[in-house]
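A structural walkthrough
Spelled out, the chains give:
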Amino acid sequence: MELNLAFSTVFYISIFIIPGLIFRRIYFSGEFNKQFSQGNLLERIVWSILTSGIILVICAILLLFAKFNIDYQNDIIPQIKYTDIQDVFNSVGDNKLPTEEMFFKVYIDIFKIIGFLYIISFSAAVLFKWLIIYFGLDRSIKFLRFNNYWYYFMRGKAPHLDKKFVKKHWFTLADIMVDNGNDGVKMYSGTVVDYFIDRSTNQLDVIFLKDTSRYKFLTNSEEEKRSKDQVEVKNRRKYDLIKIPGNTFCIPFQNVHNLNLTYISKNESKKSPQYYINLGRRLVFAILFLTSIFLSFLDDLLFSTDDDWLIRSLFFVNTFLIILILDDAFIKLYKNFKLRELLGYTYIIGLFGVQYLWIFDQVSFVWVIPITFIVTYIIASTLKLSK
């Protein structure tokens, strides 16, 4: 009975807790990762259970749709009945190991469902977060707003800003007055590249700048001397900007007196040809990616065996890597075409293309894999010597 109870606990946690945790971990990632652990434990558990329930319903709908609308002749879609689950609980409760038939008939399908549930959790979090940020719903709806309010001010997405201005935001300039102790108060200016906040209070902890300069305010005598050289009053400046050497300038926020942010926007009145080229590249990438998913999991023309879910996964991974390489090759070769780099990309794509020989069982992987490593070494040596 204790073993049965333990199995039930693990099963319920895997189904009703972990999917919600995965969703929460992915949704509160990047600049919002501190929010993942914020709030009391009971509140986080309740939200995890509710989120897991919603994801479980979505997963069930997708499985039912695939089962009744796609003609499958293999075991990619799990075929689990209530009696099968009951048999699993009974065997564990009686301290019996599952039979070989039950393991391959039921347990494998359970693992598939749980894995599919986790994939849906990950994908739903990525999609939901992208929709919230892209359409600015977090700026207009307080319930969807992230606790890290510094994100909105540092990235030019503050709620009071106009939506059109937010879309044109390029980067943020910061003028910061800092108390340097015995050196007095200094003022710095630079471009915001990153920042960190306190986990518990969401207060700014440290800010990082690039292209940083220090303000040097002129004395009265220096200002009078400069005024003689400058006829127009509007050209008279009461300070100089002294460039600070280095790549990144770090300022602890505890030493900051005040902070002034200036948002620099892009001029998109006329879109350049580069914009349309990048748009076309993204569309082609999306089409190829969706096609690879269709050929891998929703089509039976390439695969006809009864147990080919692993082969389908390998086909998808190999195809996806080729798509990524093609996308990277287009970006680099379009900006700066070099015959040597074109040959390098051709060799790499060819190596991944050879893997289809053993994926489709035309040649044993015992021969393909070693040959791949040998050819890779020869190509790498050739390219290195040709420099």
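Position numbers for residues start from 1 in each chain and track the written sequence from start to end. Local features in this predicted model are restricted to residues of pLDDT 70 or higher, and side-chain atom pairs are both shown and tallied only at a pLDDT of 80 or more, whereas totals for entire chains, interfaces and linings draw on every residue. Side-chain metrics rest on all non-hydrogen atoms present in the structure, leaving aside hydrogens and water.

Attention shifts here to the nonpolar core. Soluble globular proteins tend to pack their nonpolar side chains together in the buried interior. Counting 33 residues, the largest nonpolar core has Ile-176, Ile-207 and Ile-251 as its most contacted members. Here a helix means four or more residues in a row that DSSP labels H or I, a strand means two or more in a row labelled E, and each is numbered from the N terminus. Contributions of two or more residues to this core are made by α2 (18-27), α3 (41-69), α5 (100-134), α7 (149-154), β1 (169-179), β2 (185-197) and β3 (204-217). The dominant element in this core, judged by the number of residues it contributes, is α5, at 6 residues. Any two residues having at least one pair of non-hydrogen atoms within 4.5 Å are treated as being in contact. Not counting residues up to four positions away in its chain, the partners in contact with Ile-251 are Ile-176, Val-178, Tyr-188, Val-206, Ile-207, Leu-209 and Val-256. Definition of nonpolar core: a set of buried residues of the types Ala, Val, Leu, Ile, Met, Phe, Trp, Tyr and Cys, connected through side-chain atoms within 4.5 Å. Think of it in three bands: residues with accessible area under 20% of the maximum for their type are buried, residues over 50% are exposed, and the middle band is partly exposed, with areas taken using a 1.4 Å probe on protein chains only.

The topology assignment puts Lys-129 in helix α5. Notably, Lys-129 is buried but unbridged: the nearest opposite-charge side chain belongs to Glu-31, and the N-O separation is 8.3 Å. All tallies of charge rest on Lys and Arg as positive and Asp and Glu as negative; His and the ends of each chain are not included. The salt bridge definition used is simple: a Lys or Arg side-chain nitrogen within 4 Å of an Asp or Glu carboxyl oxygen.

Attention now moves to the layout of surface pockets. Detection works on a 1 Å grid of protein atoms alone, calling trapped sets that fit a 1.4 Å probe cavities and calling open sets with protein on both sides within 12 Å along at least five of seven lines pockets, with lining residues defined by an atom within 4 Å of a point. Grid points are joined across faces, edges and corners, and a volume is the space filled by probe spheres set on the points. Reported here for the second largest pocket is a volume of approximately 720 Å³. Lining the second largest pocket are 24 residues, and of these Arg-24, Tyr-27, Phe-28, Trp-47 and Phe-143 sit closest to its centre. We call Asp, Glu, Lys and Arg charged. Ala, Val, Leu, Ile, Met, Phe, Trp, Tyr, Cys and Pro are nonpolar, and the rest, Gly among them, are polar. Grouping the amino acids of the lining of the second largest pocket by side-chain chemistry returns 13 nonpolar, 7 polar and 4 charged.

Turning next to the pairing of β1. Here a strand pair is declared whenever DSSP counts at least two bridges between the two strands. Pairing of β1 with strand β6 (residues 256-265) involves 9 bridges; the strand directions are antiparallel. Among the inter-strand pairings, Phe-171 is bridged to a residue of β6, identified as Ile-264. With antiparallel pairing between neighbouring strands as the criterion, β1 and β2 make up a hairpin whose turn holds 5 residues, including Gly-181 at a positive phi of roughly 70°.

Our next topic: empty space enclosed by the protein. One pass over the full model with this rule turns up 1 cavity of 30 Å³ or more. Approximately 30 Å³ is the volume attributed to the largest cavity. Glu-31, Phe-32, Lys-34, Gln-35, Gln-38, Asn-147, Asn-148, Ile-197 and Asn-202 together form the lining of the largest cavity. Looking at the lining of the largest cavity residue by residue, the class counts come to 2 nonpolar, 5 polar and 2 charged.

Let us now look at the pattern of salt bridges. What the rule picks out here adds up to 3 salt bridges. Where Glu-31 meets Arg-155, a salt bridge forms, and the shortest distance between an N and an O atom there is 3.2 Å. With a gap of 124 residues between them, Glu-31 in the loop between α2 and α3 and Arg-155 in the loop between α7 and α8 (163-167) connect regions that are remote in the sequence. Judged by relative accessible area, which is 27%, Glu-31 ranks as partly exposed. Two residues, Asp-327 and Arg-281, come together in a salt bridge whose shortest N-O distance is 2.8 Å. Taken together, the residues span a long stretch of sequence, with Asp-327 in helix α11 (residues 309-335) and Arg-281 in helix α10 (residues 273-297) at a distance of 46 residues. Take Asp-327: its relative accessible area is 17%, and that puts it in the buried class. Given a relative accessible area of 18%, Arg-281 falls into the buried group.

What follows concerns the environment of Tyr-27. For Tyr-27, the location among the structural elements is in helix α2. Sequence separation between Tyr-27 and Trp-130 is 103 residues; the distance between their C-alpha atoms is 9.2 Å. Leaving out residues up to four positions away in the same chain, Tyr-27 has contacts with Ala-125, Phe-128, Lys-129, Ile-132, Leu-144 and Phe-146.

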